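Coordinate inspection notes
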Amino acid sequence: MQLHGTPTRTIRFHPNEVSLVQVIDQRQLPHDFRWHNLSNVDDAAYAIKNMVVRGAPLIGATAAMGMYLAALESQDRENFLDCIRAAAQRLGATRPTAVNLQWAIAQQLSVLDQCSTSDEALNRLRSNAERLIEQDVSQCYEIGRHGLSLIQEIYEKTQETVNILTHCNAGWLACVDWGTATSPIYQAHDGGIPVHVWVDETRPRNQGAKLTAWELGQHGVPHTVIPDNTGGHLMQHGSVDIVIVGSDRTTRQGDVANKIGTYLKALAAKDNGVPFYVALPSSTIDWDLGDGIREIPIEQRSDREVKHMSGKIINDSSDSQIAEVLICPEFSPAANYGFDVTPARLVTGLITEKGICEASEAGLRSLFPTETYASV
Ligand code: MRU
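Residues numbered from 1 in each chain as written. Predicted model: local features only at pLDDT ≥ 70, side-chain atom pairs only at ≥ 80, totals over all residues. Heavy atoms only, no water.

With that settled, consider the domain arrangement of the protein chain. When cut into domains, the protein chain gives domain 1 (2-135) and domain 2 (147-367). Taking the mean C-alpha position of each, domain 1 and domain 2 sit 25 Å from one another. At the boundary of domain 1 with domain 2, total buried surface from both sides reaches about 2,700 Å², with 59% on carbon and sulfur atoms. Connecting domain 1 to domain 2 are two salt bridges. Between R9 and D177 there is a salt bridge, with its nearest N and O atoms 3.9 Å apart. In this structure, the connection of domain 1 to domain 2 is made through 13 residue pairs in polar contact (both at pLDDT 80 or more). Counting residues per element, the ones that place at least two in the side of domain 1 that touches domain 2 are β1 (2-3), α2 (56-73) and α4 (99-112). Among the elements that line the side of domain 1 that touches domain 2, the one with the most residues is α2, at four residues. Here the residues of the side of domain 1 that touches domain 2 are counted per class, giving 16 nonpolar, 10 polar and four charged. (Domains from an automatic or database assignment. Buried area = accessible area lost by both parts, 1.4 Å probe. Salt bridge = Lys/Arg side-chain N within 4 Å of Asp/Glu carboxyl O. Polar contact = N/O pair within 3.5 Å; in protein donor to acceptor, adjacent residues only side chain to side chain. Helix = DSSP H or I, 4+ residues; strand = E, 2+ residues; numbered from the N terminus. Nonpolar A, V, L, I, M, F, W, Y, C, P; charged D, E, K, R; others polar.)

In structure tokens:
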């Protein structure tokens, strides 16, 4: 996407140093834009676990690069294969819900299995990471092309601004480029369809308020940040034409794990007859799982994220600071479930790189007839 007029992706090689990978430090946005260097597998694992990077596709891309960095680090060791396999385990343990992580690691391990020297492993892990990154860009673009037809249809009927509600950040910051849920929005906006996005703030980490609002703003897309509880009210009053969210893991039956609170938006959408779509690349489909509520592992994070909020201190001086504040009694415990599962029956359709389908095994199979998945 364009950032101050420059095409920018969320992950890249350092412009002058091929052994360094750079990612946008998402902990600093929207107040500061900084590149964060990854020079070894520990850096990559840290970046995923501590949410320097986040969002299912970008977690996968960072893990794929992490495997390349592991090969670089262990190139001169006799047991380089064991070192890279240990790196795969380390990366795979960083976050449990987004299946793109396991998927990207499995892709790299299958390349590694075909290598007999450390030089070969290094070159092939690097080019495979680049391939996976390019693939994510083209899949997200295709998701946008298919999802655009939904927005277009609404606009053709109403001839009015299309109001889209989204949750969390399933934008280009969550991927390499374009985003999943945001890709149809960017393509509609670029194509001249008037759109407006209701951006759920997405407590506790506020990925909507901090990241989605920022990236939509960079691209000039009209949007409004709303507290998480507002969507139902807006839907009751006809102010939402369509909901589009992303996914961290979608089962073969079409159940969708996404950021905590997504399920409540799906319920409100059902009650109000608002179409509820989920945009996802095929790397997010877990063909091994059927019942999402029973089977998808849900990440639980530190209570600190619930009890504290961070933001910019507003004062008259130009050196405004980022600060963290406690928002509840220090003695109160807090629970922090990162994701919830929206059952397929509440999902109007899945928008994938291959087209739009019903959220069901038959629907997914109609687009991906031969796809299988084996966990690492
Ligand atoms: O905890 P996060 O910020 O990694 O959660 C991100 C989401 O829930 C996104 O909606 C999801 O990864 C889809 S990304 C295109």
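With that out of the way, let us pick up the packing of aromatic side chains. One pass over the full model with this rule turns up five aromatic pairs. With a centroid separation of 6.2 Å and an interplanar angle of 20°, the aromatic rings of F33 and W214 are classed as stacked. Within this pair, whereas F33 is found in the loop between β4 (17-24) and β5 (35-38), its partner W214 is found in helix α7 (residues 207-218), the two being separated by 181 residues in sequence. Following the ring pairs from residue to residue traces out a cluster consisting of F33, W35 and W214. (Phe/Tyr/Trp six-rings, centres within 6.5 Å; stacked < 30°, edge-to-face > 60°.)

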